[in-house]
Amino acid sequence: MGVAAAGLVVAGVYVARVVTSPAYGVAAAPRGDAPECARIEKGYPDDLAGRERAPGGAAGVAVWGDRAVVSRCGAVPPVPTPDPCVNVNGVDWVVRETASGDGRKVVITYGRDPAVEVFVSDRVAELDAVLVDLSKAVKPIRQDRKCLSLSDVPRGSARPSHEH
């Protein structure tokens, strides 16, 4: 009887911790269970932008701090877009301007399938450092397309584009 009661207490503590974790309630991306996502999840840092990684969560989801940074592997890769694109240590990231706002920036890998979508709170001043650390983790997903920078756009073009 005592062992069963102790087991219930341990299980209750675990459930309470998962339910109150910032990772709880963050939905997985459509392909969050892809093998590539499981593989890169092991490379996510324990600490990001001075925030500790939260325990638990849906497949392909990693959360740091009180949802200050949320990464969802398994997103649908973006199509060519005029949104700004930056290359960070060999990983192209598109800044989703229309999705950003409400106190956060949204970036997504470009040319990788599945894509990794990241939500970064405006409370995080170190967006560049976040992308450097996350680029290390997502680099194992094969890249088959690259972004074009503004300097690569032919003269006379009105806006930047991306390779197909």
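Residues numbered from 1 in each chain as written. Predicted model: local features only at pLDDT ≥ 70, side-chain atom pairs only at ≥ 80, totals over all residues. Heavy atoms only, no water.

In the nomenclature of an unreviewed UniProt entry, the protein is known as DUF3515 family protein of Streptomyces cuspidosporus.

Draft legend 1. View of the sheet that holds strand E7 (residues 104-109). Taken in spatial order, the 6 strands line up as E3-E4-E8-E7-E6-E5 in an open sheet, and their pairing is antiparallel. Either end of the sheet is taken by a strand with one partner, and the two such strands are strand E3 (61-64) and strand E5 (85-88). The average undirected angle you get between the axes of adjacent strands in this sheet is 25°. Sheet analysis places E7 next to strand E8 (residues 115-121), joined by 5 bridges and oriented antiparallel. Of the residues in E8, the one forming a bridge with Lys105 is Val120. Most of the contacts of helix H3 (residues 127-138) go to strand E6 (residues 91-95), to which it runs at about 135°, and overall it touches E3, strand E4 (69-75), E5, E6, E7 and E8. (Pairing = 2+ DSSP bridges. Helix = DSSP H or I, 4+ residues; strand = E, 2+ residues; numbered from the N terminus. Axes fitted to C-alpha atoms, helices over the stretch in contact; angles between N-to-C directions. Contact = heavy atoms within 4.5 Å.)

Draft legend 2. Expanded view of the nonpolar core. Core analysis: the largest hydrophobic core is formed by 24 residues, its most contacted members being Tyr44, Val69, Trp93, Val116, Val118 and Leu134. Among the elements of the structure, helix H2 (35-41), E3, E4, E6, E8 and H3 are those that each provide at least two residues to this core. (Core = buried A, V, L, I, M, F, W, Y, C linked by side-chain atoms within 4.5 Å. Buried < 20%, exposed > 50% of the residue type's maximum accessible area, 1.4 Å probe, protein only.)

Draft legend 3. Focus on the pattern of salt bridges. Tallying each qualifying case throughout the model produces 6 salt bridges. Its salt-bridge partner being Asp144, residue Arg145 comes within 3.6 Å of it at the nearest N-O pair. For Arg145, a relative accessible area of 19% translates into the label buried. Counted as one network, the salt bridges with shared partners bring together Arg72, Arg96 and Glu117. (Salt bridge = Lys/Arg side-chain N within 4 Å of Asp/Glu carboxyl O.)

Draft legend 4. Up close: the state of the cysteines. By the definition in use, this model includes 2 disulfides. Here Cys37 is linked by a disulfide to Cys73, with a sulfur-sulfur distance of 2.1 Å. Handedness of the Cys37-Cys73 disulfide follows from its S-S torsion of about -80°: it is left-handed. A residue pair is termed long-range when its members are at least 10 positions apart, and Cys37 in helix H2 and Cys73 in strand E4 qualify at 36 residues. Accessibility expressed as a relative area gives 1% for Cys37, which makes it buried. Covalently, Cys85 is tied to Cys147 through a disulfide, its sulfur atoms 1.8 Å apart. Measuring the twist about the S-S bond at about 70°, one finds the Cys85-Cys147 disulfide to be right-handed. One end of the pair, Cys85, is in strand E5; the other, Cys147, is in the segment after H3, and 62 residues separate them in sequence. We classify Cys147 as buried; its relative accessible area is 14%. Cysteine pairing in the protein follows 1-2, 3-4, where each cysteine in a disulfide is numbered by its order in the sequence. (Disulfide = S-S within 2.5 Å.)

Draft legend 5. Focus on the confidence of the model for the protein. Mean pLDDT for the protein: 81, with 76% of residues reaching 70 or above. Residue range residues 3-20 is modelled with pLDDT below 50. Its contacts to residues more than four positions away, or to other chains, number 3 contacts. Note that pLDDT drops below 50 for residues 150-164; the model gives that stretch 24 contacts with residues more than four away or on any other chain. (pLDDT = per-residue confidence, 0-100.)

Draft legend 6. Spatial organisation of the pairing of E3. Taking every second residue as pointing to the same face, both faces of E3 are buried, with Val61 and Val63 on one and Ala62 and Trp64 on the other. Between E3 and E4, which pair antiparallel one after the other, the connecting turn spans 4 residues, and Gly65 there sits at a positive phi close to 65°.

Draft legend 7. Representation of unusual backbone geometry in the model. Residue Asp113 is joined to Pro114 through a cis peptide bond whose omega torsion reads 10°. Note on placement: Pro114 falls in the loop between E7 and E8. Backbone geometry at Arg67 places phi at a positive 60°, although glycine is not the residue there. Within the secondary structure, Arg67 sits in the loop between E3 and E4. Overall, Arg67 belongs to the partly exposed group, its relative accessible area being 39%. You will see that Asp102, though not glycine, has its phi angle at about 50°, which is positive. Summarising the element assignment, Asp102 is placed in the loop between E6 and E7. Taking relative accessible area as the criterion, Asp102 reaches 86% and is therefore assigned exposed.

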